[in-house]
Each structure stands twice: as structure tokens, then as C-alpha cells.
Amino acid sequence: MSDHEVLHVKGRVLVGPEDLRDELWCVDGRITFDRPAAEAVTVEGWALPGLVDAHCHVGLDRHGPVDEATSEKQALADRDAGTLLIRDAGSPSDTRWIDGREDLPKVIRAGRHIARTRRYIRNYAHEIEPVDLVAYVGREARRGDGWVKLVGDWIDREAGDLTACWPRPEVEAAIAEAHRLGARVTAHCFAEDSLRDLVEAGIDCIEHATGLTEETIPLFAERGVAIVPTLVNIATFPHLADGGQEKFPRWSAHMRRLHERRYDTVGAAFDAGVPVFVGTDAGGSLAHGLVAEEVEELTKAGIPPIEALAATTWGARAWLGRPSLEEGAPADLVVYGEDPRVDVRVLAAPRRVVVNGRVLA
């Protein structure tokens, strides 16, 4: 359809989990519930807000930064899967050019990862020592879109296992600096050891969070600290453990334990009231476009389907400060053939993907 055509979406429009409308229109790239005078092209089905992938990396592959053509392919794969809002949880590439594209997902950037020296994947992060943490957090807070990404733990080759990367005083000062600059902070954390310090220091979110325990889950709930479990990524832990078995047996055994209890961990966090959101960790070693698989994984952890759906739609958008299907909001939505509240696997087969009011997939 051309930029000037009006789109009429009819059937069942899921404005909220229980708020169903019969129709909406997309006019000049915006949503309206008032019938326009202009003739419209009609799309029928079950409409949801564009899905959210709250842990995704555009501009990154397993080796580091990629060129714009590769970044475009990544963003298109996400779009065609229905992901129309991405929180990019760390990338060394400059992807600001995406903001000028009316056919690609909207991106909320966390700048570049900030990691301890030689304690993360090569070519991904600023690798620094604790004395420089506050300065680098300030730098990335200014570069990002309201988020900063720390690497909270990683394998310590001397210890032969996962250990925390940052001393508590430096973490407290760095998070305070980010908040002063109006940015929220999240951290990659696989293991148990770093979590209490990060949460008590005021962190806003933890990625993966496989190290949550019955001691730390109540702390997360009390402080309202969100988690993005990335269960499609945690599924790779056994393979990673096999690769490190000979050199780092303690680390390998630890990774297997974290994997084995992953569903119990996420389910217990959700039951305790910890906010849980959908993220795939696409862009490192994982393919883009896995958002439907991650929603299904959350249901395997015991999260009710409607809550798993909210974790990639209404709830996730509210958490990130972006609108859903509201009057005047950008017309970013996905249309399905069946009710995704009944079976979240419906998300894997979008009938239409609409970006800024245009049917693009």
C-alpha cells in the first residue's frame, strides 16, 4: 500500500488483555478509533501492539560489530517476526540510521556493553577497570536512549567459575550517575554472586537472572527490579558447558545447574511479583526473529499465557515508556489469524505486520 492509503483493521483489536475493540484505523502512520472519511484498505484478524524484544542486539554478531547491510537484515528479521520495538541491550555499532527508516522496528539503545578487562566476549564491550566505571557509565548514558548495560558477571579464569565483575562501591556510584543523567541500568548476570550488590545499589533490571535464589527473589520483588530471562539463550548453556568442560570443570558444572533449574527460577520470580519481560538475546550467537519462541518458553516456566503475552506487548511497552494501541500512537501492530491469548504459539505466524500504518510483511 502507498503512504497515502488508510488502513482499516477489523476483527478483534487487543488494546489490553481484556480490552477488545472491533476495529481501528491507521491514518498518516497513526492509530485512530474514529472512522475517517477516506476510503480504506481492510485487514482482518486479531490485532496486537507490535511485539517487544527487550534484549536484542542489532549491529552485532558473534565476532563483534557488523556493517549496515547485516544490521538491516537483522532488523528486518525481527520486524517480519512481529517485533516492532527493540531494547538493544548493548551494541558496538552505530545504528542511529535505523531511526530514519519508516519500515524498520523502533529501537531503544543501551549504548555499548561495559565490561571488566578481559572478562567478556572479544570486540563487544568497553573493557575497563572499576576506577573508570562511573565515567564510562556516564558516557554510555549520554549515548543511549535511557539505558546503560553492564556486564555483571563472567568467567574468572583464575577462579575457574563465574564471579562478580565489580566492587560494590563502584557499582553504587555508577548506578547513581546513570540515574542522575536520567538513564536506567541493566546488567548481564548468569550467576548468584553479583545479584544482591547490584539490586541494593539500585539497578533497574537484570538480564538472564539464572542465578536468582529464594534469598534474592524477595529482594527483587521488594525493589521492583525487572528480569529479562532470555530463555531461548539459556537453552544453549549445556552446549557451552560441554565446550568448557576440560579447561573449566567448575564453570561447566555451574552452567549446567543454572540451566537445569531455569524454569523453576523464572516461575518462582514471577510468582513472587518480580516483573518479567520478553527478550531473546538475538544478535550474538542467536538468530533474530525468535520472539514467539521466547514467549512460549515463559509459559513453560509456568507464567500464564496472558501474562507471557503482556510481557511482549502491553506490559513491556509500558515498562519501556512506549505506547500500545492508543489514539494517536504510531500505528505499529501485528495481525494474527487466531486469538493469541488462547495459544501463544499463534505469535509464530503473523498474518500481517504493520509499521507506521503500512503493511510491510
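The structure reproduced in this document is the subject of the present report.

Thresholds, definitions, all that
Residues numbered from 1 in each chain as written. Predicted model: local features only at pLDDT ≥ 70, side-chain atom pairs only at ≥ 80, totals over all residues. Heavy atoms only, no water. Pairing = 2+ DSSP bridges. Helix = DSSP H or I, 4+ residues; strand = E, 2+ residues; numbered from the N terminus. Axes fitted to C-alpha atoms, helices over the stretch in contact; angles between N-to-C directions. Buried < 20%, exposed > 50% of the residue type's maximum accessible area, 1.4 Å probe, protein only. Polar contact = N/O pair within 3.5 Å; in protein donor to acceptor, adjacent residues only side chain to side chain. Contact = heavy atoms within 4.5 Å.

Now for the sheet that holds strand β9 (residues 106-109). The three strands are arranged β5-β8-β9 in an open sheet whose pairing can be described as parallel. Of all strands in the sheet, those bounded by a partner on one side alone are β5 (51-56) and β9. Pairs of neighbouring strands in the sheet enclose a mean axial angle of 20°, with direction left out of account. Two elements, strand β8 (residues 83-88) and β9, share four bridges in a ladder whose sense is parallel. Across the sheet, Ile86 pairs through a bridge with Val107, a residue of β9.

With six of six residues buried, β5 lies mostly within the body of the structure. Here four bridges tie β5 to β8, and the two strands are oriented parallel to one another. Its bridge partner lying in β8, Val52 is registered against Leu85.

In this section: the side chain of Asp153. The topology assignment puts Asp153 in strand β13 (residues 153-156). From its side chain, Asp153 meets the backbone nitrogen of Phe190 in a polar contact 3.0 Å long. For Asp153, the residues in contact, after removing those within four places along its chain, are Thr163, Ala164, Cys165, His188, Cys189, Phe190, Ala191 and Ser194.

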